[in-house]
Amino acid sequence: MNQPGTDALDRLLRMQAADLPVHGGRTLAYVYDSGLPDVDRIGREAVAAYAGSNGLDPTAFPSLLQMENDLVGFAADLLDAPDTVVGTVTSGGTESCLLAVQGARDSRPRVDRPRMVVPSTVHAAFLKAAHYFGVEAVVVPVGADFRADPTAMLDAIDADPDRTVLVVVSAPSYAHGVVDPVAAIAPAAAARGIRCHVDACIGGWVLPYAARLGREVPPWTFAVEGVTSISVDLHKYAYAPKGTSLLLHRTPGHRRPQYFAHADWPGYTMLNSTMQSTKSGGPLAGAWAVVQSLGDTGYELLSREVFEAVDAIVAGSTDIAGISVLTPPDSTLVALGTDDTCDPFTVCDEMAARGWYVQPQMSYDDRPATIHLSVSAATLSGVDDLLAALRQSVAAAAAAGPVTVDADVAAFIEALDPTALTDADFDGLLVAAGLVGDPTGGADLTLPDRMADVNAMLDLASPRMREALLVAFLDRLQRPTR
Ligand SMILES: *Cc1c(COP(=O)(O)O)cnc(C)c1O
């Protein structure tokens, strides 16, 4: 007889087989692979051991507090933090960014309509924070080098310094992989009494090692005067299981508004440092176990590998006609552009057909669409295969010719006003866009193998329209099975 639950586990693993692989270094977005099976196993076992523990009350589960303080201490050393630094483990980069904005807003309770100044390349999590917390996001175009433009950022602050509670910069930005000029912005923010958050969610754990390996990294840590907080994801380049990030503050005073306490109800006094209240100890334990087993030496080795892979990809891509590296990456993210001979979305499809997931990035402003690669240490062993696949994919995309959207359809899409559309309009549009087969039968969970046509059509739509279409799509996917 089966053990209870064996059947469910079998089914779970069968379902999982349809997902993108999280190991092997061939999925170049969403997942980060150290390529070390033992480290993965240790992380998984720690998650399992702590799956039922509750981080709601660290005095009830003191081991969780110990692990959190250990992780913050490790990060503090990496990030050149002063002795006053404090930090919190959160559920992910978005929560770290949300809390940075919430804390900045609540540190200035007398500001009526708070605003924050962000470069146009800032992660979407900050626009989400603006939306959630009623903080106006002043979005400043980046320079020709894709980095935040210090003069424009400071001008934006000075347009209304009294209402400005935060300025954000990235180390590096997700879309282009470059580090903003933190040293030209943070001290100037400090001179105006304004907090400066460095979003190092994706770079915070590798850039310090890059510097140690002798690579050129512009200053971005707490060593820069005026940097008041930094977010760093453990579930990215610390290669920890999903569900952990760190938010570090320069002083306890900077963290104070992040706490929420409520004693004025008949239950337990609620005291939270993060958005979650009950929270699994699993991710924290998983991250702690991975960081302890890799240690400083392990991360230095993995950083050596990932940067070797990045350099090989940059050099190899430069040799492929039809594509180019958008800008030399400061970190582990590579953005590829294409010329008129090949369509970037078709290249992504062709890569997927060859077992490589690379991520399409839509056009933005007057910049054309690009291809994103988050390189992992595990990618190094397959880097020749990756470049061969890329060369073949570019050739196949060139042979297939440009993806053309019918001129009438294009004009129609460009003219659409998402606020004026009904549910029935969206049903029709989703079918026309190829995202949904039959509107009456509900959305099909399996997307078409080739997304280039869908992406080309979405790329024509305004960002607002794209958001509305994809929300309508997700809404139709998220329906209960009964
Ligand atoms: C990934 C990322 C985030 C958001 O992190 P999640 O873990 O996906 O919530 C924020 N900023 C940057 C630069 C990122 O790369």
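Residues numbered from 1 in each chain as written. Predicted model: local features only at pLDDT ≥ 70, side-chain atom pairs only at ≥ 80, totals over all residues. Heavy atoms only, no water.

### A few points about the overall build of the protein chain
Within the protein chain, the regular secondary structure consists of 16 helices and 13 strands. Taking 23 Å as the expected radius of gyration for a compact globule of 482 residues, we find that the protein chain reaches 23 Å, a close match to that expectation. Classification of the 482 residues of the protein chain by burial places 50% in the buried group. Partitioning the intrachain contacts of the protein chain with sequence separation of at least 6 by distance along the chain shows that 74% fall at a separation of at least 24. Surface accessibility of the protein chain: about 22400 Å² in total, with carbon and sulfur atoms responsible for 55%. In the protein chain, the 33 positive side-chain charges and the 59 negative ones have mean positions that sit 6 Å from each other. (Helix = DSSP H or I, 4+ residues; strand = E, 2+ residues; numbered from the N terminus. Rg over C-alpha atoms; globule rule 2.2 N^0.38 Å. Buried < 20%, exposed > 50% of the residue type's maximum accessible area, 1.4 Å probe, protein only. Contact = heavy atoms within 4.5 Å. Areas by Shrake-Rupley, 256 points an atom, 1.4 Å probe, with all protein chains shown as cover. Lys, Arg positive; Asp, Glu negative; His and termini not counted. Charge placed at Lys NZ, Arg CZ, Asp CG, Glu CD.)

### Focus on the domain arrangement of the protein chain
Accessible area lost on assembly of the parts is the figure often given for the size of an interface. Each assigned domain of the protein chain is listed with its residue range as follows: domain 1 (45–290), domain 2 (296–400) and domain 3 (407–477). Of note, the centres of domain 1 and domain 2, computed from C-alpha atoms alone, are 28 Å apart. The interface is formed by 30 residues belonging to domain 1 together with 27 residues belonging to domain 2. In total, about 2500 Å² of surface goes out of reach between domain 1 and domain 2, with carbon and sulfur atoms giving 54% of it. Note that Asp 330 and Arg 147 form a salt bridge whose closest N and O atoms lie 3.0 Å from each other. Linking domain 1 to domain 2 there are 15 residue pairs in polar contact (both at pLDDT 80 or more). Sorting elements by how many residues they give to the side of domain 1 that touches domain 2 places helix H8 (residues 207–212) first, with four residues. (Domains from an automatic or database assignment. Buried area = accessible area lost by both parts, 1.4 Å probe. Salt bridge = Lys/Arg side-chain N within 4 Å of Asp/Glu carboxyl O. Polar contact = N/O pair within 3.5 Å; in protein donor to acceptor, adjacent residues only side chain to side chain.)

### Some thoughts on the nonpolar core
Core analysis: the largest hydrophobic core is formed by 93 residues, its most contacted members being Trp 205, Trp 220, Tyr 299 and Leu 373. With 14 residues, helix H10 (residues 282–318) is the single largest residue contributor to this core. Each of two domains, domain 1 (45–290) and domain 2 (296–400), supplies a minimum of three residues to this core. Once residues lying within four places of it in the same chain are set aside, the contact partners of Trp 205 are Phe 74, Ala 75, Leu 78, Val 232, Leu 234, Tyr 237, Ala 238, Leu 246, Val 291 and Tyr 299. Grouped together as the second largest cluster of nonpolar side chains are 19 residues, Ala 433, Leu 435, Met 451 and Ala 461 included. (Core = buried A, V, L, I, M, F, W, Y, C linked by side-chain atoms within 4.5 Å.)

### Some words on the site of the ligand
Residues in close proximity to the ligand include Gly 92, Gly 93, Thr 94, His 123, Pro 172, Tyr 174, Asp 199, Cys 201, Ile 202, Asp 233, His 235 and Lys 236, which together make up its full environment. A distance of 2.9 Å separates an oxygen atom of the ligand from a polar backbone atom of Gly 93. Taking His 235, its side chain carries an N or O atom lying 2.8 Å from an oxygen atom of the ligand. When isolated, the ligand has an accessible area of 380 Å², and the protein chains bury 85% of it. (Near = heavy atom within 4 Å.)

### Observations concerning the packing of aromatic side chains
For the structure shown, the criterion picks out nine aromatic pairs. Ring geometry for Trp 205 against Tyr 299: centres 5.8 Å apart, planes inclined by 70°, an arrangement best described as edge-to-face. Pair noted here: Trp 205 is in the loop between strand E5 (195–199) and H8 and Tyr 299 is in helix H10, with a separation of 94 residues, a long-range link. For Trp 205, a relative accessible area of 2% puts it in the buried group. (Phe/Tyr/Trp six-rings, centres within 6.5 Å; stacked < 30°, edge-to-face > 60°.)

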